[in-house]
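Structural overview for review
Here is what each chain is made of, one letter per residue.
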Amino acid sequence: MLKHQYIRIIIVIASFVAAIGYLYDYWSIYWFVLIALIGLGLTAWGVFDIRLGYFGKTHSKASRNSSKQVSLTFDDGPCPYTNQVLDLLDQYDMKATFFCIGQQVLKYPEIANRIIESGHSIGNHSFTHRKDIAFSKAGEMATEIQLADDAIAKATNSTTPMYRPPFGVTNPNVIKACKASNKQIIGWSIRSLDTVIKDEKRILNRIVPRLKAGDIVLLHDTSERTVRVLEQLLIKMKEMNLQSIPVDRLLKIERNG
Ligand SMILES: [Zn+2]
């Protein structure tokens, strides 16, 4: 919490000392430039790595639990592939969380409803998933969250306390919008890169060797490839005696209703 504020103070003090050093001819101007670059680099890292919780509290992992529980999470649906994901989860008796885009929920309300009816949970993943959403003002982001909440409520008659920012990007406006919307920010501890990597074995190898109790895995229910990877993953999870449960249960977050 407030990490960026501490780092900002340290960078400002260090820049001030470097500037004084430069003025009195003790240090070269490069020290000043170096400190500014470090400051920028740390901020960029904080923006793109949700696991750091750099700008405010994010949940990226649960503490290790003896019951060998993890959470599989699926972003960017619902869409027709979601049905195949749900079939597989049923077959292997696993529960997951789907971070849904509001517009997709309006398009496929019956699939969103099936998610809830099957005992999984839904999280909010914005209404439009716009590429430039990270540059929006806090008020605009809160509207995106509200519109997605409305779509989820209409389709499933349920609400969610969870928000996952598109692309995992966090910044002070995301934190403000989530506070105003009463949402917990959910990240991940294992990113499968299933939308980027074409080779299914490589995707699986990014997950299985690292997977242990408490982990939150990021997948996308938007392609045939992920469906095939999921089947292999579920077989491995059974062998490893790992059980997927909805991420709000893993993190012990209370549902709004
Ligand atoms: Zn997304």
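Not measured: the values here are computed from a predicted model.

The next subject is the pattern of salt bridges. The full count for this structure, using the stated rule, is eleven salt bridges. For Asp132, the salt bridge is made with Arg130, and the minimal N-O distance between the two is 2.9 Å. The exposure class assigned to Arg130 is partly exposed, which follows from its relative accessible area of 28%. Glu144 is the salt-bridge partner of Arg130, the closest N and O atoms lying 3.4 Å from each other. With Arg130 in the loop between β3 (121–124) and α6 (138–156) and Glu144 in helix α6, this pair connects stretches of sequence that are 14 residues apart. Here the salt bridges share partners, and the residues they tie into one network are Arg130, Asp132, Glu140 and Glu144.

Coordination of the zinc ion by the protein is provided by Asp76 (OD), His125 (NE2) and His129 (NE2), with metal-donor distances spanning 2.1 Å. Summarised as a motif, the one-chain spacing of the donors to the zinc ion is D-x48-H-x3-H. Each member of the pair, His125 as well as His129, carries the same accessibility label: buried.

Let's shift gears to the layout of surface pockets. A probe matching the size of a water molecule, rolled over the atoms, marks out where space remains unfilled. Approximately 180 Å³ is the volume found for the second largest pocket. What lines the second largest pocket is a set of 14 residues, among which Phe167, Arg191, Thr195, Leu218 and His220 lie closest to the centre. Partitioned by chemical class, the residues of the lining of the second largest pocket number five nonpolar, six polar and three charged.

Look at the link from Gly77 to Pro78: it is a cis peptide, with omega at 0°. Residue placement: Pro78 occurs in the loop between β1 (69–75) and α3 (80–91). Of note, Asn241 is a non-glycine position whose phi angle comes to about 65°, a positive value. On the secondary structure map, Asn241 appears in the loop between α9 (224–239) and β8 (243–244). The exposed category is assigned to Asn241, whose relative accessible area is 56%. Look at Lys252: it is not a glycine, yet its phi comes out positive at around 55°.

Moving on, we come to empty space enclosed by the protein. Under the counting rule described, the total for this entry stands at one cavity of 30 Å³ or more. In this structure, the largest cavity occupies an estimated 50 Å³ of space. Surrounding the largest cavity, Ile133, Ala134, Met141, Tyr163, Pro165, Pro166, Val169 and Val174 form its lining. Here the residues of the lining of the largest cavity sort into eight nonpolar, no polar and no charged.

Its place among the elements puts Ser121 in strand β3. Residue class for Ser121 comes out buried when judged on its relative accessible area of 3%. Here Asp248 takes part through its side chain, which lies 3.1 Å from a polar atom of the side chain of Ser121.

The next point concerns the pairing of strand β2 (residues 96–100). Most of β2 is tucked away: five of the five residues are buried. The side-chain alternation of β2 yields two buried faces, one formed by Ala96, Phe98 and Cys100 and the other by Thr97 and Phe99. Where β1 lies against β2, four bridges are found, and the strand directions are parallel. Its bridge partner lying in β2, Thr73 is registered against Thr97. On the question of chirality, the crossover connecting β1 to the parallel β2 by way of α3 is right-handed. Inspection of the sheet shows β2 paired to β3 by four bridges, in the parallel sense. Directly across from Phe99, in β3, lies its bridge partner Gly123.

Let us look at the domain arrangement of the protein. Note on interface size: it is often stated as the accessible area lost on association of the parts. Domain annotation of the protein identifies domain 1 (3–48) and domain 2 (69–250). Using only C-alpha atoms to locate each centre, domain 1 and domain 2 end up separated by 37 Å. Residue-level contacts link four residues of domain 1 with four residues of domain 2. Of all residues in domain 1, the largest losses of buried area upon contact with domain 2 belong to His4, Val47 and Phe48, amounting jointly to 90% of the total for that side. Our count for the domain 1 to domain 2 interface comes out at zero salt bridges. Inspection of the region where domain 1 meets domain 2 yields zero residue pairs in polar contact (both at pLDDT 80 or more). Here the residues of the side of domain 1 that touches domain 2 sort into two nonpolar, two polar and no charged.

Conventions we followed
Residues numbered from 1 in each chain as written. Predicted model: local features only at pLDDT ≥ 70, side-chain atom pairs only at ≥ 80, totals over all residues. Heavy atoms only, no water. Salt bridge = Lys/Arg side-chain N within 4 Å of Asp/Glu carboxyl O. Buried < 20%, exposed > 50% of the residue type's maximum accessible area, 1.4 Å probe, protein only. Helix = DSSP H or I, 4+ residues; strand = E, 2+ residues; numbered from the N terminus. Donors = N, O, S within 2.8 Å, 3.2 Å for Na, K, Ca; no water. 1 Å grid on protein atoms, 1.4 Å probe; cavity = no way out; pocket = protein on both sides within 12 Å on 5 of 7 lines; lining within 4 Å. Points joined across faces, edges and corners; volume = space filled by probe spheres on them. Nonpolar A, V, L, I, M, F, W, Y, C, P; charged D, E, K, R; others polar. Polar contact = N/O pair within 3.5 Å; in protein donor to acceptor, adjacent residues only side chain to side chain. Pairing = 2+ DSSP bridges. Right-handed = clockwise from strand over helix to strand, strands pointing away. Domains from an automatic or database assignment. Contact = heavy atoms within 4.5 Å. Buried area = accessible area lost by both parts, 1.4 Å probe.

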